[in-house]
Amino acid sequence: MKWAFINHMERINELLGNLEQEEMKRDYPIAWERTHAASCAQVGRLLAQKRGVDLELAALACSLHDIGRWYTGLQGDHALRGEEPVRRFLESSSLKEEDKKAVVQAVIRHSEKDKVGSPLDEIVKDADVLDCYFHGDEISKPYHLARLKEVMGELNLES
């Protein structure tokens, strides 16, 4: 068992619990944020295994990718708004600085589904689309559909 990631998830759940207490309009309920963070982490770990990327780093980046929305409650510009919160979250982490930077970059870029980024960026984007699809979200944007089709093919799954 990788306890470092379990400790990160414990901190994420504590953070989401604190944010749930705040009175604000949210585009997505905190229950979804918890579910999506955890399941995206697992999808990210699977994609990382297949693509030869560090599994724990991928799981962490995937679990934190929507942190901007956690704080603002809003979908709009949430990837960019995640930069400062994810930096704060990672401050106390024992990750190497280059890995912290990679996670921050993946969070900032995860909404750029029409662009190709680093291997970690791509895992976060693909895990996000795949996880939403498997939770029954309608994938309708052309570049999201293209990404979903490609990752489903990579995993030998039918859509």
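All values derive from a computational prediction rather than experimental measurement. (Residues numbered from 1 in each chain as written. Predicted model: local features only at pLDDT ≥ 70, side-chain atom pairs only at ≥ 80, totals over all residues. Heavy atoms only, no water.)

**Focus on the overall build of the chain**
This is how it is decided: A run of H or I in DSSP becomes a helix once it reaches four residues, and a run of E becomes a strand once it reaches two; helices and strands are each numbered from the N terminus. All radius of gyration figures rest on C-alpha atoms, and the globule criterion is 2.2 Å times the number of residues raised to 0.38. Working definition: with a 1.4 Å probe on protein chains only, accessible area under 20% of the residue-type maximum means buried, over 50% means exposed, and in between means partly exposed. In what follows, a contact means two residues having at least one pair of non-hydrogen atoms within 4.5 Å.
The helix and strand inventory of the chain stands at nine helices and zero strands. What you see for the chain is a C-alpha radius of gyration of 15 Å, in line with the 15 Å of a compact globule of 159 residues. If one aligns the C-alpha atoms of the chain with their principal axes, the spans along those axes are about 40 × 35 × 25 Å. Counting only residues that meet the buried cut, the chain has 47% of its 159 residues in that class. Put simply, 59% of the contacts in the chain that link residues at least 6 apart link residues at least 24 apart.

**Notes on the UniProt feature "domain: HD" (unreviewed entry) in the chain**
Where we set the bar: UniProt positions are given in the numbering used here, feature names are shortened, and annotations may be inferred rather than shown by experiment.
When the UniProt feature table is mapped to this numbering, "domain: HD" (unreviewed entry) covers residues 33-133. The distance from the first to the last C-alpha atom of residues 33-133 is 15 Å, and the span holds 75% helix and 0% strand.

**Considerations on helix α2 (residues 30-51)**
Note the following rule: Here, expected helix span is obtained from the residue count minus one, scaled by 1.5 Å.
For α2, spanning 22 residues, the distance from its first C-alpha to its last is 31 Å, which sits close to the expected 32 Å at 1.5 Å a residue. Residue Gly52 follows α2 closely and has a positive phi angle near 75 degrees.

**What about the layout of surface pockets?**
Just so we agree on the cut-off: Grid spacing is 1 Å over the protein atoms alone, the probe is 1.4 Å, and a cavity is where that probe fits but cannot get out, while a pocket is an open set with protein on both sides within 12 Å along at least five of seven lines and lining residues have an atom within 4 Å of a point. Grid points are joined across faces, edges and corners, and a volume is the space filled by probe spheres set on the points.
Considered as a void within the structure, the largest pocket measures approximately 480 Å³ in volume. Along the walls of the largest pocket sit 22 residues, with Tyr28, Gln75, Asp128, Asp137 and His144 positioned nearest its centre. Listing elements by their share of the lining of the largest pocket, those giving two or more residues are α2, α8 (119-134) and α9 (142-154). The biggest single contributor to the lining of the largest pocket is α8, with three residues.

**Some points on the side chain of Ser39**
Position of Ser39 relative to the elements: it lies in helix α2. The class for Ser39 is buried, based on a relative accessible area of 18%. The residues touching Ser39, leaving out its near neighbours within four places in the chain, are Asp131 and His135.

**A short note on the nonpolar core**
Applied cut-off: Residues belong to one nonpolar core when they are buried, are Ala, Val, Leu, Ile, Met, Phe, Trp, Tyr or Cys, and are joined through side-chain atoms within 4.5 Å.
The biggest cluster of nonpolar side chains holds 44 residues, and the ones touching the most others in it are Leu64, Ile67, Trp70, Val86, Phe89, Leu90 and Val103. If you list the elements that add at least two residues to this core, you get α1 (3-20), α2, α3 (55-64), α4 (67-72), α6 (83-91), α7 (97-109), α8 and α9. For this core, the element with the most residues is α2, which contributes eight residues. Apart from residues lying up to four places away in sequence, Ile67 is in contact with Leu15, Gly82, Pro85, Val86, Phe89 and Val107.

**Points about the pattern of salt bridges**
Here is the rule: Any carboxyl oxygen of Asp or Glu that lies within 4 Å of a side-chain nitrogen of Lys or Arg is treated as forming a salt bridge with it.
One pass over the structure, following the stated rule, counts 14 salt bridges. Between Glu20 and Arg34 there is a salt bridge, with its nearest N and O atoms 3.5 Å apart. Taken together, the positions of Glu20 in helix α1 and Arg34 in helix α2 put the pair 14 residues apart, joining distant regions of the chain. Judged by its relative accessible area of 42%, Glu20 falls in the partly exposed class. A salt bridge links Glu154 to Arg51; the shortest N-O distance between them is 2.7 Å. Here the residue Glu154 occupies a position in helix α9, and Arg51 occupies one in helix α2, the gap between them amounting to 103 residues. Judged by relative accessible area, Glu154 falls into the partly exposed class, the value being 25%. When salt bridges with common partners are traced through the structure, they connect Arg51, Glu122, Lys125, Asp126, Arg147 and Glu154 into a single cluster.

**Examining α8**
Three or four residues apart is the spacing at which side chains of an α-helix point the same way, because the helix has 3.6 residues per turn. With 16 residues, α8 extends 22 Å between its outermost C-alpha atoms, agreeing within 8% with the 22 Å of an ideal straight helix rising 1.5 Å per residue. Burial runs high along α8: 13 of the 16 residues are buried. Backbone geometry just after α8 places Gly136 at a positive phi near 90 degrees.

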